[in-house]
Amino acid sequence: MGSELCRQIIKFQPRQLVLLDVSEPNLYSIQMELKHRAGYQRYATVLGQIQDEDLIDGVMQRYKPQVIFHAAAYKHVPMLERNPWQAVSNNIRGNQVMLEKALEYGVGYFVLVSTDKAVRPTNIMGASKRVCELLVQSYMGNGTRMMAVRFGNVVGSSGSVIPLFREQIERGGPVTVTHPEVTRYFMTIPEASQLILQAGTQGKGGETFILEMGTPIKIAEMARDLIRLSGKEPDTDIEVQFTGLRQGEKLYEELITEGEGIVPTHHEKIMVLKANGDWNGLGTQQAFRNQLLTQLNDLYTTALLHDVQGIRQKMKQIVPEYEVQNSTCVL
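Once a new chain begins, its residue numbering starts again from 1 and follows that chain's sequence as written. Given that this is a predicted model, residues contribute local features only at a pLDDT of at least 70 and side-chain atom pairs are listed and counted only at 80 or more, while totals for whole chains, interfaces and linings are drawn from all residues. Remark: hydrogens and water are excluded; side-chain values derive from all non-hydrogen atoms of the structure.

## Notes on the overall build of the chain
For the chain, the helix and strand inventory stands at eleven helices and 14 strands. Radius of gyration: over C-alpha atoms. The globule rule applied is 2.2 Å multiplied by the number of residues raised to the 0.38 power. Compactness check: the chain gives a C-alpha radius of gyration of 20 Å against a globular reference of 20 Å for 331 residues, within 12% of the reference. Seen along its three principal axes, the alpha-carbon backbone of the chain occupies a region of about 60 × 50 × 45 Å. The cut-offs for exposure are 20% and 50% of the maximum accessible area for each residue type, with area from a 1.4 Å probe on protein chains only; residues under the lower value are buried, those over the upper are exposed, and the others partly exposed. Counting only residues that meet the buried cut, the chain has 50% of its 331 residues in that class. Long-range pairs, those at least 24 residues apart, make up 76% of the contacts in the chain between residues at least 6 apart in sequence. The centroid of the 34 positive side-chain charges in the chain is displaced by 5 Å from the centroid of its 36 negative side-chain charges. Segments assigned H or I by DSSP are reported as helices when at least four residues long, segments assigned E as strands when at least two residues long, and all are numbered from the N terminus. Any two residues having at least one pair of non-hydrogen atoms within 4.5 Å are treated as being in contact. This count recognises Lys and Arg as positive and Asp and Glu as negative, with His and chain-terminal groups excluded. Taken as the charge centre is NZ of Lys, CZ of Arg, CG of Asp or CD of Glu, depending on the residue.

Structure representation (structure tokens):
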């Protein structure tokens, strides 16, 4: 998603584009694409972690960005169920550092790329992204227009099911689906990126934008369609095998949760959540932020101990709608 945002943004000929990534191969790949395929030269590459405050200070001081699109996150649900401290460090702490640095250095716009898994989360990944949305709300209104954009799966993104299905079909099967009734929302990477950019221009501060994802698709039917498109017959030439829901997975995803009122925008595919006027019952934004930051400090301490159950319990305190599930870890 971050790479596609770069492809879309250079069409508007920004004075400079700063690419920050922890993955050396991914950073090199988008750098070479911008330079050789797109002919765009005004970029800078920064290899490092968003949790590295000294690094982010240096980037802000040197490049003085006007807009930040924050797409960095670990997002593989079962992997983060087994390694929840990484969701805390990378997804939540990294987001907090970027938000605080955006305020400190007077960045004009901050756009968080969120996910439908943040709605009534049943996994650490979704809960961590919901916390990121709460952080955006807690810091809004201090000079930087901050907003989140929430949407479902994007076709062909890292970890997407479609490349896996194609690989399984090429091997002759079986094609593995978790459950016969599992459904997901899907959107192409270019369309999602374009809508993120458009939502970012509409934000006044503190909004959570929802992208219209259409009708959810049954994954089993998608698998069978891909088999047919390859010239084979599902369940005859290539077996469709059901393996059971993975750790933290839902049968279906949602884009809004109970009590979240949405209103349309002037764009037919973008909606926006109404702001929570009572600040989670605390009355003021300052009280809400103070409580959230206190809870996060406890969460960070617990994550440093690699305490799986402790992380889940702390996350539940911050996101009460988080449905904690028992799962294994690597340690």
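Picking up after the structure, the text goes on.
## Thoughts on a nonpolar patch on the surface
Candidates for patches are residues over 30% relative accessible area with no salt bridge; among them, like charges are joined within 9 Å and nonpolar side chains (Val, Leu, Ile, Met, Phe, Trp, Tyr) within 5 Å. Note on areas: Shrake-Rupley with a 1.4 Å probe; residue coverage comes only from the protein chains shown. Note on definitions: salt bridges are taken to be side-chain nitrogens of Lys or Arg within 4 Å of carboxyl oxygens of Asp or Glu. Among the surface-exposed residues, Leu-245, Leu-251 and Tyr-252 lie close enough to one another that they form a single nonpolar patch of about 260 Å² accessible area. Of note, Leu-251 is situated in the loop between β12 (240-242) and β13 (262-264).

## Re the packing of aromatic side chains
Any Phe, Tyr or Trp ring, taking Trp's six-membered ring, that has another such ring centre within 6.5 Å forms a pair; planes under 30 degrees apart are called stacked, those over 60 apart edge-to-face, and the others tilted. Across all of its chains, the model carries one aromatic pair by this definition. Here the aromatic rings of Trp-279 and Phe-288 are separated by 5.7 Å at their centres, their planes lie at 35 degrees, and the arrangement is tilted. Here the two residues Trp-279 and Phe-288 agree in accessibility, since each one is buried.

## Focus on helix α1 (residues 2-9)
The complete set of buried residues in α1 reads Glu-4, Leu-5, Cys-6, Gln-8 and Ile-9. Residues of α1 that are buried make contact with β1 (17-21), α2 (24-37), β3 (67-70), β4 (109-113) and α8 (189-202).

## Quick look at the pairing of strand β10 (residues 208-211)
Burial along β10 is two-sided: Thr-208 and Ile-210 and Phe-209 and Leu-211, pointing in opposite directions, are all buried. Here the rule is simple: two strands pair whenever DSSP picks up at least two bridges between them. Across three bridges, strand β5 (residues 145-150) lies against β10 in parallel orientation. Across the sheet, residue Ala-148 finds its bridge partner in β10, namely Thr-208.

## Quick look at helix α6 (residues 124-139)
End to end, α6 covers 23 Å across 16 residues, agreeing with the expected 22 Å (1.5 Å per residue, within 8%). A large share of α6 lies buried, amounting to 16 of its 16 residues. One or two steps after α6, the chain reaches Gly-141, where phi turns positive at roughly 80 degrees. A helix's residues, less one, multiplied by 1.5 Å, set its expected span.

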